[in-house]
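Geometric and topological summary
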Amino acid sequence: MDSTGAESSTETGAEKDKAAVGLTKAAPAPAPTPAEAPDIQSHDTFVIKKSLSLTTGEYVVSVARPDGSEGEPVAYARQKRLSLRGQVTVYTDASRKSVLAAFKGRDHEVGYMYDVRDASGRSFGSFHEDAGASFLRRTWQVRQPGTTKLTCRERSRVVAFVRFVWEFVPYLEYVPFIWPYRFEYTESGKPLMTVTKKLGLHTRYVLEILAPDIDRRLAIAHTLALDALEVD
């Protein structure tokens, strides 16, 4: 009996040692892998929402669900309202650690030219406002090297005129323009993209892209510019 008891005690101790070793090996959890930036190039419709504070305007860009509501956020941007206009950085997440795109104005023969660059500083597009055409309706030229040359024009002459007057009424520049309006992007008369400002007190845009080769980063950057550079 003593022999059996001793063997049993020995086996139990060995099993405990094995269990302890097993727990020791299983304890460390695998290091989490960094989340990859969403594949925005595979999406065609985005919702851009803007919120305001006394000093900043913040934008959240989300993939649109089939019902038009906001889905997964894919980009964030912040503009200091009292800082020099013409410079906006777009990030992949709310932590603002990873740059998706950035644009900044520079002097050019056409006025201000805005170069759109990636995180490494490489330019992948540009845009500028067509000053002559913008007298009646705001008009932009958007360029993506090697692929598209888009003309962006406000659709309604009437709404464009009302918005033009709105900008010069004292203090109204700080009040959101609640009436909806729409920008259409064409190439040789063919519609390739639209940006629609939705009705409401809160600033909300819907970006729809009809051409698969348009760089979504450039499209998002120019949509933000339509709002951030609204009052020059």
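Residues numbered from 1 in each chain as written. Predicted model: local features only at pLDDT ≥ 70, side-chain atom pairs only at ≥ 80, totals over all residues. Heavy atoms only, no water.

Side note on the sheet that holds strand β6 (residues 111-117)
One closed barrel holds the 12 strands; their spatial order is β1-β2-β3-β4-β5-β6-β7-β8-β9-β10-β11-β12, and the pairing between them is antiparallel. Within the sheet, the average angular offset between the axes of one strand and its neighbour, ignoring direction, is 20 degrees. In the packing of helix α3 (residues 216-228) onto the sheet, contacts are made with β1 (45-52), β2 (56-64), β3 (70-80), β4 (87-91), β5 (99-108), β6, β7 (123-129), β8 (139-144), β9 (148-154), β10 (181-187), β11 (190-197) and β12 (203-209), and the angle to β12 comes to roughly 150 degrees. (Pairing = 2+ DSSP bridges. Helix = DSSP H or I, 4+ residues; strand = E, 2+ residues; numbered from the N terminus. Axes fitted to C-alpha atoms, helices over the stretch in contact; angles between N-to-C directions. Contact = heavy atoms within 4.5 Å.)

Remarks on the packing of aromatic side chains
Summed over all chains, the structure comprises 7 aromatic pairs. Aromatic rings pair up to connect Phe103, Tyr112, Tyr114, Phe127 and Trp140 into one cluster. Sitting over the face of the ring of Phe124, Arg217 holds its NZ or CZ atom 3.8 Å from the ring centroid. (Phe/Tyr/Trp six-rings, centres within 6.5 Å; stacked < 30°, edge-to-face > 60°. Lys NZ or Arg CZ within 6 Å of the ring centre and 35° of its normal.)

Here we look at the side chain of Asp115
Here Asp115 lies in strand β6. Among the polar contacts listed, one links the side chain of Asp115 to the side chain of Arg106, at a separation of 2.4 Å. Leaving out residues up to four positions away in the same chain, Asp115 has contacts with Ala102, Phe103, Lys104, Arg106, Gly125 and Ser126. (Polar contact = N/O pair within 3.5 Å; in protein donor to acceptor, adjacent residues only side chain to side chain.)

Things to note about unusual backbone geometry
You will see that Arg96, though not glycine, has its phi angle at about 60 degrees, which is positive. Relative to the elements of secondary structure, Arg96 occurs in the loop between β4 and β5. Given a relative accessible area of 37%, Arg96 falls into the partly exposed group. One non-glycine residue with positive phi stands out, namely Ser188, at about 55 degrees. With respect to the secondary-structure elements, Ser188 resides in the loop between β10 and β11. The exposure class of Ser188 is exposed, given its relative accessible area of 79%. (Buried < 20%, exposed > 50% of the residue type's maximum accessible area, 1.4 Å probe, protein only.)

Observations concerning the nonpolar core
Residues Phe46, Phe103, Phe127, Tyr185 and Leu207 are the most contacted members of the largest nonpolar core, which totals 44 residues. For this core, the element with the highest residue contribution is α3, accounting for 8 residues. Discounting residues that sit within four places of it in the chain, Tyr185 has contacts with Val142, Leu150, Thr151, Cys152, Lys190, Pro191, Leu192, Met193, Thr194, Val195, His222 and Leu226. (Core = buried A, V, L, I, M, F, W, Y, C linked by side-chain atoms within 4.5 Å.)

Describing a nonpolar patch on the surface
Together, Phe135, Leu136, Val158, Phe161, Val162, Phe164, Val165, Phe168 and Val169 give the surface a local cluster of nonpolar side chains, amounting to about 910 Å² of exposed area. When you line up the elements, Val162 lands in helix α2 (residues 157-166). (Patch = residues over 30% accessible without salt bridge, like charges linked within 9 Å, V, L, I, M, F, W, Y side chains within 5 Å. Areas by Shrake-Rupley, 256 points an atom, 1.4 Å probe, with all protein chains shown as cover. Salt bridge = Lys/Arg side-chain N within 4 Å of Asp/Glu carboxyl O.)

A closer look at the environment of Glu154
In this fold, Glu154 is placed in strand β9. Here the alpha-carbon distance between Glu154 and Leu136, two residues 18 residues apart in the chain, equals 9.3 Å. If we ignore the near neighbours within four places in the chain, the residues touching Glu154 are Arg137, Arg138, Val159, Ala160, Arg163, Tyr181, Arg182 and Phe183.

Quick look at the pairing of β3
Bridging between β2 and β3 involves 8 bridges; their strand directions are antiparallel. In the sheet register, Tyr59 faces β3, and the bridge partner there is Ala77. Hairpin remark: β2 followed by β3, antiparallel, with 5 residues in the connecting loop; positive phi at Gly68, about 90 degrees.

Remarks on the pattern of salt bridges
Here the structure, examined in full by the defined rule, presents 12 salt bridges. A salt bridge links Arg155 to Glu184, with the nearest nitrogen and oxygen atoms 3.6 Å apart. Taken together, the positions of Arg155 in the loop between β9 and α2 and Glu184 in strand β10 put the pair 29 residues apart, joining distant regions of the chain. Each of Lys49, Glu70 and Arg204 takes part in a single network of salt bridges with overlapping partners.

Thoughts on α3
Helix length check: α3, at 13 residues, gives a terminal C-alpha distance of 18 Å against a target of 18 Å (1.5 Å per residue), a fit within 8%. For α3, the tally of buried residues reaches 13 of 13 residues, placing the bulk of the element in the interior. (Expected span 1.5 Å × (residues − 1).)

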